[in-house]
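# Tertiary structure, described
What follows is the residue order along each chain.
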Amino acid sequence: MARSALVNVMVQAAFKAGRSLSRDFGEVQNLQVSMKGPGDFVTQADRKAEQVVRQELLRARPTYGFLGEESEEIVGTDGQHRWIVDPLDGTTNFLHGIPAFAVSIALERNGTIVAGVVLNPATDELFVAERGNGAFLNDRRLRVAGRRALSDAVVGCGVPHLGRGHHGKFLVELRDVMNEVAGVRRLGSAALDLAYVAAGRFDGFWEKPLSAWDMAAGLVLVREAGGFATDIEGGNRIFETGSVVAGNEHIHRALLATVNRPVPAR
Ligand code: 2AM
Ligand code: CA
Ligand code: CA
Ligand code: CA
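Residues numbered from 1 in each chain as written. Chains lettered and ligands numbered in written order. Predicted model: local features only at pLDDT ≥ 70, side-chain atom pairs only at ≥ 80, totals over all residues. Heavy atoms only, no water.

Applied cut-off: UniProt positions are given in the numbering used here, feature names are shortened, and annotations may be inferred rather than shown by experiment.
Going by the annotation in an unreviewed UniProt entry, the name recorded for the protein is Inositol-1-monophosphatase, with Pararhizobium mangrovi given as the source organism. Within the UniProt record for the protein, the comment given under Cofactor (unreviewed entry) is "Mg(2+)". Its UniProt record, at the heading Catalytic activity (unreviewed entry), says of the protein: "a myo-inositol phosphate + H2O = myo-inositol + phosphate".

Quick look at the structure:
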């Protein structure tokens with residue numbers, strides 16, 4: 001797989017942050033944990049990993065903007081490019097010693113995500129996609145799963161967090177999805193969930209509410225693997241609504257219809 005220089009920068013930054021996270025994962029009992037809000041944890045590991053990524057990316061492209069979960073946004077002077085970074089997606093898993101977390105790095109050009117890298121340092125799985133160039137897991141080309149019927153599908157989701165609302169609506173969506181699919185999974189890292197859709201491990205995925213850094217890299221992975229991703233209403237306001245529905249053409253359409261089924265009047 002021939003990678004562009006820019007994607008190489010992203011991959012190197014992800015590996016460097018991944019090494020930092022792996023060291024902290026081994027010492028997780030010694031990490032200072034603070035709360036941003038109810039059920040919303042952050043650690044020194046999140047902040048360190050973001051500093052590593054930020055430094056690497058800005059050193060390589062000093063004029064680009066930078067949006068990361070754990071630091072102040074930088075508005076770039078070049079006006080076209082912005083890095084969108086989640087240094088540790090799946091902090092709750094990380095804190096619980098569950099090896100499902102990721103470094104997520106995306107590059108936006110004129111409002112379009114043109115490249116994405118998602119690294120799970122605990123499994124050494126590196127998912128890379130560049131617009132027009134396909135999606136890869138390590139060196140293997142990815143393609144979304146081919147299942148067409150929801151009744152054959154394994155679908156990932158997110159479960160709303162303490163203090164975030166959306167619980168009632170989510171339970172209705174979940175019930176309707178459970179009635180139609182073969183199985184439902186909940187990984188706890190939206191970046192990995194989308195990477196799993198790209199890899200054909202999940203047939204589909206939906207979640208709300210999410211932030212741009214949770215989804216940006218995963219979106220280009222799904223699309224470059226031949227999949228579809230929209231907001232929960234089927235439109236392209238993914239970042240604005242903080243919602244996403246993904247899958248191959250068939251599962252995407254069917255999942256969208258299912259999560260939007262009107263709530264029956266009692
Ligand atoms: P994080 O681990 O980077 O915070 C899991 O459903 C997704 O939701 C993950 O991408 C996770 O990202 C995010 N998440 C977890 N807890 C959250 C919270 N309390 N508020 C907002 N997003 C959260
Ligand atoms: Ca967080
Ligand atoms: Ca996240
Ligand atoms: Ca995070």
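## Remarks on the packing of helix 5 (residues 190-198) against helix 6 (residues 212-224)
Using the following cut-off: Note on definitions: angles span 0 to 180 degrees between N-to-C directions of axes, and those axes are lines fitted to C-alpha atoms, for helices only across the stretch in contact. Helix numbers and strand numbers start at the N terminus; a helix is a DSSP run of H or I with at least 4 residues, a strand a run of E with at least 2. For this classification, under 35 degrees means roughly parallel, over 145 means roughly antiparallel, 65 to 115 means roughly perpendicular, and everything else is oblique. We call two residues in contact whenever any of their non-hydrogen atoms come within 4.5 Å of each other. Amino acid classes used here: Ala, Val, Leu, Ile, Met, Phe, Trp, Tyr, Cys and Pro are nonpolar; Asp, Glu, Lys and Arg are charged; the rest, including Gly, are polar.
Where helix 5 meets helix 6, the closest approach of the two axes is 8 Å, and the angle between their N-to-C directions is 5 degrees. Looking at the two axes, helix 5 sits roughly parallel to helix 6. Together, Ala-190, Ala-191, Leu-194, Ala-195, Val-197 and Ala-198 of helix 5 and Asp-214, Met-215, Gly-218, Leu-219, Leu-221 and Val-222 of helix 6 make up the contact between the two elements. The residue makeup of the contact of helix 5 with helix 6, split by class, is 10 nonpolar, 1 polar and 1 charged.

## What to know about the site of ligand 1
Threshold: One heavy atom within 4 Å of a molecule or strand makes the whole residue count as near it. For the purposes of these results, a polar contact is taken to be a pair of N or O atoms within 3.5 Å, where, inside protein, one atom must be able to donate a hydrogen and its partner to accept one; residues adjacent in sequence count only when each atom of the pair is a side-chain atom. Working definition of accessibility: Shrake-Rupley area with a 1.4 Å probe, residue cover restricted to the visible protein chains.
As a matter of local geometry, ligand 1 sits amid 16 residues, with Asp-89, Gly-90, Thr-91, Arg-164 and Glu-207 nearest to it. Measuring from an oxygen atom of ligand 1, one finds a backbone N or O atom of Thr-91 at 2.9 Å. Residue Ala-190 places a main-chain N or O atom 3.3 Å away from an oxygen atom belonging to ligand 1. Calculation on ligand 1 without its partners gives an accessible area of 480 Å², and the protein chains cover 92% of this total.

## Side note on the pairing of strand 2 (residues 40-43)
How we decide: Paired strands, as defined in this entry, are two strands with at least two bridges between them according to DSSP.
Both strand 1 (residues 33-37) and strand 2 contribute to a ladder of 4 bridges, which runs antiparallel. For Val-33, the partnering residue across the bridge sits in strand 2 and is Thr-43.

## Some thoughts on the coordination of the calcium ion (ligand 2)
Worth spelling out the cut-off: Sites may look incomplete, because water is not among the atoms used; the donor set itself consists of N, O and S atoms within 2.8 Å of the metal (3.2 Å for Na, K and Ca).
Coordination of the calcium ion (ligand 2) by the protein comes from Glu-69 (OE) and Glu-69 (OE), over a distance range of 2.3 to 3.2 Å. The two metals, the calcium ion (ligand 2) and the calcium ion (ligand 3), are separated by 5.2 Å. With respect to the helices and strands, the residue Glu-69 is situated in the loop between strand 3 (65-68) and strand 4 (81-89).

## Side note on the coordination of the calcium ion (ligand 4)
Octahedral metals with six donors have ideal donor angles of 90 or 180 degrees. Tetrahedral metals with four donors have an ideal donor angle of 109.5 degrees. What counts, and what does not: Relative accessibility under 20% of the residue-type maximum defines a buried residue, over 50% an exposed one, and the middle range a partly exposed one, all with a 1.4 Å probe and only protein chains included.
The calcium ion (ligand 4) binds to the protein through Glu-69 (OE), Asp-86 (OD), Asp-86 (OD) and Leu-88 (O); the donor distances cover 2.2 to 3.0 Å. Linear spacing of the donor residues for the calcium ion (ligand 4) on their chain is E-x16-D-x1-L. Between the calcium ion (ligand 4) and the calcium ion (ligand 2), a spacing of 3.8 Å is present, and a bridge between the two is formed by Glu-69. By the burial criterion, Asp-86 is buried, and Leu-88 matches it.

## Digging into the pairing of strand 6 (residues 112-120)
In terms of burial, strand 6 is a largely internal element, 8 of the 9 residues being buried. Of the strand pairs in this sheet, strand 5 (residues 102-109) and strand 6 are connected by 7 bridges, and their pairing is antiparallel. Opposite Ile-105, over in strand 6, you have Val-117 as the bridge partner. The loop that links strand 5 with its antiparallel partner strand 6 comprises 2 residues; one of these, Asn-110, has a positive phi angle of about 50 degrees. Direction of pairing for strand 6 relative to strand 7 (residues 125-130): antiparallel, over a ladder of 6 bridges. When the bridges of strand 7 are listed, Asn-120 appears paired with Glu-125. Counted along the chain from strand 6 to the antiparallel partner strand 7, the turn is 4 residues long, and its residue Asp-124 has a positive phi close to 55 degrees.

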